[in-house]
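Secondary and tertiary structure notes
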Amino acid sequence: MTPPPPGLRVIIVGGGLAGLVMGIMLDQAGIDYHILEQASRLRPLGTSISLHPVIMDLMAQLGLLEDMQKMSKPLRGISVLSANGRKMGRIDTRTNKRRHHHQAMVMSRPDLHEYLLSKIPPGKLTTGKRVIDITETQQDVTVTCMDETTYVGHIVVGADGAYSATRQIMYKKLKERGILPESDTKPLHFDKQCVVGMTSPLDPAKYPVLLDDSCEVKVLLGKDQHTSMWILPLQGNRLAWCVGGPDPHLIQNDDGDHSSHGSGSRSGRDWYPETAVEICEDVRNFKCPYGGSVMDLIESTPKGLVSKVLLEEKMYRTWYNGRVVLVGDACHKIVPFFGQGASQAILDCACLVNMFYDLTSNTTSSFTTIFQRYVDMRAETAKVASDSSREFADLIYEQGFKADVARNIVLRFTPTWLLRMITGTINSNRPNLKFLPLPKH
Ligand SMILES: Cc1cc2nc3c(=O)[nH]c(=O)nc-3n(C[C@H](O)[C@H](O)[C@H](O)COP(=O)(O)OP(=O)(O)OC[C@H]3O[C@@H](n4cnc5c(N)ncnc54)[C@H](O)[C@@H]3O)c2cc1C
């Protein structure tokens, strides 16, 4: 194997999940990098995250898997109940362990974020650096932050999420040259929003489900599927919850448009007291599957661990230009109902870092070649993940007689072997990091 070209330096914009994983992979590939994060303090959403078996070998190669398994519970299944507790069906999410070696895992997102951050060596991530401009020459690329500091590298990786400034800067230039595809000029689409939270540690005597070694997700569906509540038991005697859905009176923009423009103003990670309380009120009378009231869970959640989020989605067509390339939510924003967004972001990172490792020169044309190969390898898979997430959301939330019948059939009668065959197909494409030893099974 050829080592990467000496002096290759990557600037990563964004210290979210994709940016941190990218940094950890580059570190182990021996490639120089620096992460710029706009927030002065990293504050991930107070919620759960489920990671797909497809990325577990990568985590094992990076030496992270064992710790992550300790922080998480394996995902066993998703039970769907009506608001009054009637069982509507169940999906078994266990994969064929012999064939795929791993199960999906569910953990606290703040725990995961903190863990990944602890793997970034000191001095490699700077907070309070909001990137506002990117300019390039034939030799290098310069990133300018809001505080007028600049960082120079050979490649910029935009890992700055759904409202990516990197993408907006890139697209502005492509639009001026008249070569930005029409679909990339359209804003992110959303037709659902939710409030997410994670309780403080609860008493297992009151909630025996907390003692369960695996995670069975409970989805409580309100009348006409307007509002739902998802509850996920986590390590550390905590329950993550998500209240929301496609209720139109909650989600329209002032102009009635179901789209959000890249300002970030409506993609709130902040506490929005009125709407958040209003959404949670919609589930007040839902029957809690563990006894007591679902409001007990909401009230056992520290305010700092409650956020309102829009559930946008969009597959962008343009993922790179010149020395700048996008990963994660910056190029494919996926609705979160199938636990795919983070796993797809990690797959993006693995694919790119393998290609960086193979680079023999630092020229723009060599980057164009590998960036196009990256898109060829990743775009189709990310689209399948996005489509399956959307289809799963439709299965749960769609209204009307036909949707009721479809929901009943799938939730009650889909045999486990068929589900395992479907997840087996998704699981079959499992990349490795070429510069690290393969994991032992
Ligand atoms: C409620 C919810 C539940 C989810 N559940 C799951 C799940 O169970 N499983 C799963 O796989 N996925 C899930 N997802 C999706 C997953 O969270 C995302 O796909 C993943 O976090 C994307 O990571 P990212 O690093 O690309 O973006 P982000 O996590 O958004 O990180 C972007 C980072 O860039 C920073 N940034 C932004 N602009 C700038 C700038 N100009 N300069 C510098 N820094 C900047 C931001 O502050 C942020 O830290 C869920 C999403 C939501 C909303």
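Each remark here, short or long, concerns the structure printed above.
Let me sum up the structure you'll find in this document. (Residues numbered from 1 in each chain as written. Predicted model: local features only at pLDDT ≥ 70, side-chain atom pairs only at ≥ 80, totals over all residues. Heavy atoms only, no water.)

**What to know about the state of the cysteines**
Applying the stated criterion across every chain yields a total of zero disulfides. The thiol of Cys194 is unpaired, and the distance to the nearest cysteine sulfur, on Cys242, comes to 3.7 Å. Given the relative accessible area of 3%, Cys194 is considered buried. With no disulfide of its own, Cys280 has Cys242 as its nearest cysteine by sulfur position, at a separation of 9.6 Å. With relative accessibility at 6%, the residue Cys280 sits in the buried group. (Disulfide = S-S within 2.5 Å. Buried < 20%, exposed > 50% of the residue type's maximum accessible area, 1.4 Å probe, protein only.)

**Observations concerning the sheet that holds strand β2 (residues 32-36)**
Judged by pairing direction, the sheet is mixed, and its six strands sit side by side in the order β7-β2-β1-β11-β19-β18 without closing on themselves. In this open sheet, the two strands that pair with only one neighbour each are β7 (125-126) and β18 (320-321). Strand direction decides the pairing type here: strand β1 (residues 9-13) and strand β11 (residues 155-158), joined by four bridges, are parallel. Within the sheet, the bridge partner assigned to Val13 lies in β11 and is Gly158. The sheet strands contacting helix α1 (residues 17-29) are β1, β2, β7 and β11, and the helix crosses β2 at an angle near 165°. (Pairing = 2+ DSSP bridges. Helix = DSSP H or I, 4+ residues; strand = E, 2+ residues; numbered from the N terminus. Contact = heavy atoms within 4.5 Å. Axes fitted to C-alpha atoms, helices over the stretch in contact; angles between N-to-C directions.)

**Brief notes about the sheet that holds strand β8 (residues 131-136)**
With antiparallel pairing, the three strands of this open sheet are ordered in space as β8-β9-β10. One side of each edge strand has no neighbouring strand; the edge strands of this open sheet are β8 and β10 (150-153). Direction aside, neighbouring strands of the sheet carry axes that sit 20° apart on average. Direction of pairing for strand β9 (residues 141-145) relative to β10: antiparallel, over a ladder of four bridges. Bridging from a neighbouring strand, Val143 pairs with Tyr151 of β10.

**Focus: the packing of aromatic side chains**
Each pair of aromatic rings is reported with the distance of its centres and the angle of its planes. Applying the stated criterion across every chain, the model contains five aromatic pairs. Residues Tyr320 and Phe371 carry aromatic rings whose centres are separated by 5.8 Å and whose planes lie at 55° to one another, so their mutual orientation is tilted. Here Tyr320 is found in strand β18, whereas its partner Phe371 is found in helix α12 (residues 364-397), with 51 residues between them in sequence. Here Tyr320 and Phe371 have matching classes, each one buried. Put simply, the rings of Tyr320, Phe367 and Phe371 pair up and form one aromatic cluster. (Phe/Tyr/Trp six-rings, centres within 6.5 Å; stacked < 30°, edge-to-face > 60°.)

**Re the nonpolar core**
Within the largest apolar cluster, 88 residues are counted, with the highest numbers of intra-cluster contacts made by Leu51, Ile155, Phe356 and Tyr374. With twelve residues, helix α11 (residues 341-358) is the single largest residue contributor to this core. The next biggest cluster of nonpolar side chains, apart from the first, holds 30 residues, and it includes Met88, Val309, Val335 and Tyr397. (Core = buried A, V, L, I, M, F, W, Y, C linked by side-chain atoms within 4.5 Å.)

**Looking at the site of the ligand**
Not every one of the 31 residues close to the ligand is listed here, only the nearest: Glu37, Ser50, Arg109, Asp329 and Ala342. Between an oxygen atom of the ligand and a side-chain N or O atom of Arg109, the distance comes to 2.8 Å. Contact between the ligand and Val131: a nitrogen atom at 3.0 Å from a main-chain N or O atom of the residue. For the shell around the ligand, the secondary structure elements donating two or more residues are α1, β3 (48-51) and α11. The dominant element in the shell around the ligand, judged by the number of residues it contributes, is α11, at three residues. A class-by-class count of the residues in the shell around the ligand yields 13 nonpolar, eleven polar and seven charged. (Near = heavy atom within 4 Å. Polar contact = N/O pair within 3.5 Å; in protein donor to acceptor, adjacent residues only side chain to side chain. Nonpolar A, V, L, I, M, F, W, Y, C, P; charged D, E, K, R; others polar.)

**A closer look at the pairing of strand β6 (residues 105-108)**
Here β3 pairs with β6 via four bridges, running antiparallel. Within β6, the residue paired with Leu51 across the bridge is Met105. Pairing geometry for strand β4 (residues 73-82) and β6, over two bridges, is antiparallel. Bridge assignment links Lys73 to a residue of β6, and that residue is Val106.

**Concerning the packing of α11 against α12**
Look at α11 against α12: their axes get within 10 Å of each other, and the N-to-C directions meet at 165°. Classified by the angle between their axes, α11 and α12 sit roughly antiparallel to one another. Of the two possible hands of crossing, α11 and α12 adopt the one that is right-handed. Contact residues: Gln344, Leu347, Asp348, Cys351, Leu352, Met355 and Phe356 in α11; Ile370, Phe371, Arg373, Tyr374, Met377, Arg378, Thr381, Ala382 and Ala385 in α12. (Parallel < 35°, antiparallel > 145°, perpendicular 65-115°, else oblique. Left-handed = near helix turned anticlockwise from the far one by under 90°.)

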